[in-house]
Amino acid sequence: MAVKKLDETTYEVSAVREGEEFKHLKEHVLVHFKDAKVDGFRPGHVPANVIEKNFKKEIDGEILNHIISDEYQKAVAENELKPIADIKLEKYEIQADKAEVVFTIPVLPSFELGQYKGLEVEKENFEVTDEKVNEEIEGMRKNASKLKEVAEDEEAKNDDVVNINFEGFIDGEAFDGGKAEGYDLTLGSHSFIDTFEDQIVGHKKNDEFDVNVKFPEAYHAENLKGKPALFKVKVNSIKRKEEAELNDDLAKELGFESVDDMRAKTRENITKREEARVENEFKNKIIEKVVDGTNVEAPRALVDREIEFQINRFAQQLQMQGINLSQYFQMTGQTIDKMREDSREMAEKSVKTELVLSEISKVENITVTDEEVDNEFEVMATMYGMDKATMLDEVKKSGNYQRFVDEAKYRLVNQKTIDLLVKETGLMKTTSEARRLIQQGGFKI
């Protein structure tokens, strides 16, 4: 066996079995096929050469598995590797008396932590102004506006929500994913391709008409790329926002006692929200500074896993809106490969952050108690609207209990690690106004 370090996150293992060693391995594998059924022979009496001929692919696979299993365990133990994903088979050749295997093992990288104590990081000193409170209340007033169906003789315009039926055709033929009924579309949102929405503007309820568009050249579906398409559209309804008036009635509708109570509680809510935002931004700046100061390589296996996690999470969010990924790609012209490419930088940053925080927790010997884990379960149960016992029973039934516990411990250790970094960091405060001037280049510090 030969083990070679390709980079900080990948080791290559090469192994050869030949001569007597290969012969013994093959005989060991053939034993498992002694009762194989072959036409013309009784089970247990099939000659070895017939078994080899009829089950060559299966036999080769078993030989490969034995070699990889042996060499993998040796490589990991002898080189103190920390595997993070499945191996990748690079080469496998088998001959009459010899087998050669090459595979790579993705591993956690070894690295030295940069400075993570005694750092100085800016923390914003915010102020809740009357202007900010008024702006928030104005937003609530606008959001309280209700969609009201317009008269049948009124034309659709931008910002209206039109409910439509549509079906798309290429060269007179309907195509998959191009049809929907009762679809709510906000005009001017640019959620549909080309000038689709623009061509609905000016139409009335019950209008039936054609919309002509062209799919983007970079569209993900090969059969649609750059193709002109005709959509047959029917407008079922047109709804427009009817703005609410700021008064005590609206305040009560929104859960306040009066407009004055609305202002007071809005100020309190903004203060709490801004405090949380500032604290969160401060923590993120500390983490970013620590990670930037540490030279660590993000393993591709972990980055790819993080990308898939991000895409799956996005798909779940779409599902909650009644849209799947395929429909999203149809509407936006996006592709899964482009989505993965766009997600890579963020995924690499996320993986590096996870590696650095994990290393700090080990160096600082940060652990959690059973009591802390139990308290975390109480918090989670409340969040899910369940009691703790019921929640844990459900997790046990699903067979994911240990993973559930491990993830809770990981979150708690992570939070303690971040708390340590915050405690060990010096503050450089700036006011919101100072931040604005700095960003505008008004003065330097």
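All values reported here derive from a predicted model rather than from experimental measurement.

Thoughts on the nonpolar core
Counting 72 residues, the largest nonpolar core has Ile164, Phe196, Phe215, Phe231 and Phe377 as its most contacted members. Per element, the largest residue contribution to this core is 9 residues, and it comes from helix 12 (residues 401-423). Apart from the residues lying within four places of it in its own chain, the contact partners of Phe231 are Phe166, Glu167, Gly168, Phe175, Gly178, Phe196, Phe209, Asp210, Val211, Val213 and Phe215. Core analysis: the next-biggest nonpolar cluster, separate from the first, contains 26 residues, Phe33, Val50, Ile59 and Ile63 among them.

So, the sheet that holds strand 3 (residues 88-94)
Taken together, 4 strands build an open sheet; the order of strands is 1-2-4-3 and the sheet is antiparallel. Edge positions in the open sheet fall to strand 1 (2-7) and strand 3, since each of these has one partner strand only. When the angles between neighbouring strand axes are averaged without regard to direction, this sheet yields 15°. Two elements, strand 1 and strand 2 (residues 10-18), share 5 bridges in a ladder whose sense is antiparallel. By the bridge assignment for strand 2, Lys4 is matched with Glu12. Sitting on the sheet, helix 3 (residues 56-79) touches strand 1, strand 2, strand 3 and strand 4 (98-106), and the angle it makes with strand 4 is about 50°.

Some thoughts on the packing of aromatic side chains
Inspection of the entire model under this criterion finds 14 aromatic pairs. Note on Phe314 and Tyr328: the rings are 5.1 Å apart at their centroids and 75° apart in plane angle, and the pair reads as edge-to-face. Of the two residues, Phe314 sits in helix 7 (residues 300-320) while Tyr328 sits in helix 8 (residues 325-332), which places them 14 residues apart along the sequence. Residue class for Phe314 comes out partly exposed when judged on its relative accessible area of 25%. An aromatic cluster is defined as three or more aromatic residues linked by ring pairs; in this entry it consists of Phe166, Phe175, Tyr183, Phe192, Phe196, Phe215, Tyr219 and Phe231. Taking NZ or CZ as reference, Lys396 lies 5.0 Å from the ring centre of Tyr401, over its face.

Procedures and definitions
Residues numbered from 1 in each chain as written. Predicted model: local features only at pLDDT ≥ 70, side-chain atom pairs only at ≥ 80, totals over all residues. Heavy atoms only, no water. Core = buried A, V, L, I, M, F, W, Y, C linked by side-chain atoms within 4.5 Å. Buried < 20%, exposed > 50% of the residue type's maximum accessible area, 1.4 Å probe, protein only. Helix = DSSP H or I, 4+ residues; strand = E, 2+ residues; numbered from the N terminus. Contact = heavy atoms within 4.5 Å. Pairing = 2+ DSSP bridges. Axes fitted to C-alpha atoms, helices over the stretch in contact; angles between N-to-C directions. Phe/Tyr/Trp six-rings, centres within 6.5 Å; stacked < 30°, edge-to-face > 60°. Lys NZ or Arg CZ within 6 Å of the ring centre and 35° of its normal.

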